[in-house]
Amino acid sequence: MIMWVTARVKGTESTWKTSMSMCVTPSITLTWWLSASLTSPSLSLDTPCASLHCGTCCPQGGAISIVAAMERPDYFAGMVLIAPAVMADPNSVTPLRVFLGRIAARICPQITVLKLDTSNMSRDPAVVSRYLADPLVYQGGLKARWGKSMLEWMQWVESNITTLKCPFLTLHGTADKATLSEGSVFLDQNASSSDKTCKLYEGYYHQLHNEPGEDGIGVQREIVDWIASRLKP
């Protein structure tokens, strides 16, 4: 599938395809946008602002959003990143596994090289159950060619992170086992954006906005407030 990003810049709307083909979960931007609009009557869909793509259930969504903002900075007024995949976990992505993965990507690109532990999506068992039962969520594991491409893009982001100037909010749980919270810290410390915020949530898992009770609600409120404070009435 192709990830489509709709960007609203200076009151106009345009849609473009990223240079990477992939399968990602639907963005939850619209829900948050509507929440912000409903709580702030002065805001409307005609307000000059970018639709902020959020990497949610799929770890790669954050990395893809960062690449998109770096390649086309004029398309975005801001970006919200939830547990973005900025750095590879050295415990999982070992030199030997990378070497074998590159060979597999050339010879047998569809072979599974890494399986995600879905129990670490949220501390709420109901959220994990819905995730596993969702027919739109791919459960087959990371393919060799896809893993190779993602690793190369993460390395590219690390090497070129100083070119990122888009305002952003990045949120990460310290107990996230799907992506490294150190990646969000690296992003915050090295991006050239003048408006950047990194918030770490102690003990939270990957889907921050789907954590139990007030924990998840607090994350959602943080995102809505960040977006609303940057919209022009």
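Note that the structure is predicted; figures quoted are calculated from it, not measured.

Parameters and conventions
- Residues numbered from 1 in each chain as written.
- Predicted model: local features only at pLDDT ≥ 70, side-chain atom pairs only at ≥ 80, totals over all residues.
- Heavy atoms only, no water.
- Helix = DSSP H or I, 4+ residues; strand = E, 2+ residues; numbered from the N terminus.
- Buried < 20%, exposed > 50% of the residue type's maximum accessible area, 1.4 Å probe, protein only.
- Contact = heavy atoms within 4.5 Å.
- Areas by Shrake-Rupley, 256 points an atom, 1.4 Å probe, with all protein chains shown as cover.
- pLDDT = per-residue confidence, 0-100.
- Core = buried A, V, L, I, M, F, W, Y, C linked by side-chain atoms within 4.5 Å.
- Pairing = 2+ DSSP bridges.
- Axes fitted to C-alpha atoms, helices over the stretch in contact; angles between N-to-C directions.
- Parallel < 35°, antiparallel > 145°, perpendicular 65-115°, else oblique.
- Left-handed = near helix turned anticlockwise from the far one by under 90°.
- Phe/Tyr/Trp six-rings, centres within 6.5 Å; stacked < 30°, edge-to-face > 60°.
- Lys NZ or Arg CZ within 6 Å of the ring centre and 35° of its normal.
- Patch = residues over 30% accessible without salt bridge, like charges linked within 9 Å, V, L, I, M, F, W, Y side chains within 5 Å.
- Salt bridge = Lys/Arg side-chain N within 4 Å of Asp/Glu carboxyl O.

Let us now look at the overall build of the protein. Of the regular secondary structure elements, the protein holds 7 helices and 7 strands. Out of the 233 residues in the protein, the part that is buried amounts to 43%. Contacts in the protein between residues at least 24 apart in sequence constitute 73% of all its contacts with a sequence separation of at least 6. Approximately 11800 Å² of the protein is accessible, and the part contributed by carbon and sulfur atoms is 57%.

Moving on, we get to the confidence of the model for the protein. When pLDDT is averaged along the protein, the result is 75, and 74% of the positions lie at 70 or above. No element of the protein has a lower mean pLDDT than strand β2 (residues 12–21), at 33, and none a higher one than strand β7 (residues 196–201), at 96. Overall, residues 1–58 carries pLDDT values under 50, and its contacts beyond four positions in sequence, including any with other chains, amount to 124 contacts.

Nonpolar side chains tend to gather and get buried jointly when the protein is soluble and globular. Formed by 17 residues in total, the largest nonpolar core has its most connected members in Ile66, Met79, Ile161, Leu164 and Leu187. Ranked by size, the runner-up nonpolar core spans 13 residues in total, among them Val80, Val219, Ile227 and Leu231.

Moving on, we get to the pairing of strand β3 (residues 79–82). Residues Met79 and Leu81 point to one face of β3 and Val80 and Ile82 to the other, with burial holding for every one of them. Pairing of β3 with strand β6 (residues 168–173), which is carried by 4 bridges, proceeds in the parallel orientation. Across the sheet, the residue bridging to Met79 is Phe168, located in β6.

For any two helices packed against each other, the geometry is given by the interaxial angle and the distance between the axes. Between helix α3 (residues 95–107) and helix α5 (residues 144–160), whose axes approach to 8 Å, the crossing angle comes to 125 degrees. Here α3 is positioned oblique relative to α5, judged by the angle of their axes. Where α3 crosses over α5, the two elements pack in a sense that is left-handed. Between α3 and α5, the contacting residues are Val98, Gly101, Arg102, Ala104, Ala105 and Arg106 on the first element and Ala144, Arg145, Lys148, Leu151, Glu152 and Gln155 on the second.

Tallying each qualifying case throughout the model produces 2 aromatic pairs. Taking the centre distance of 5.7 Å and the plane angle of 70 degrees together, the rings of Trp153 and Trp156 count as edge-to-face. You can see Trp153 and its partner Trp156 sitting in helix α5, 3 residues apart, about one turn around the helix. Cation over ring: Arg123 sits above Tyr204, and NZ or CZ is 4.7 Å from the ring centre.

A contiguous nonpolar patch, built from Leu96, Phe99, Leu100, Ile103 and Ile107 and spanning about 540 Å² of accessible area, is present on the exposed surface. Structurally, the position occupied by Phe99 is in helix α3.

Okay, the sheet that holds β7 next. An order of β3-β6-β7 is seen for the 3 strands of this open sheet, with the pairing classed as parallel. Of all the strands in the sheet, just β3 and β7 have a single pairing partner and so form its edges. Taking the axes of each pair of neighbouring strands and ignoring which way they run, one obtains an average angle of 10 degrees across the sheet. In terms of strand pairing, β6 meets β7 through 6 bridges, oriented parallel. Paired with Phe168 across the strands is Lys196, a residue of β7. Against the sheet, helix α6 (residues 181–190) touches β3, β6 and β7, its axis set at about 160 degrees to β7.

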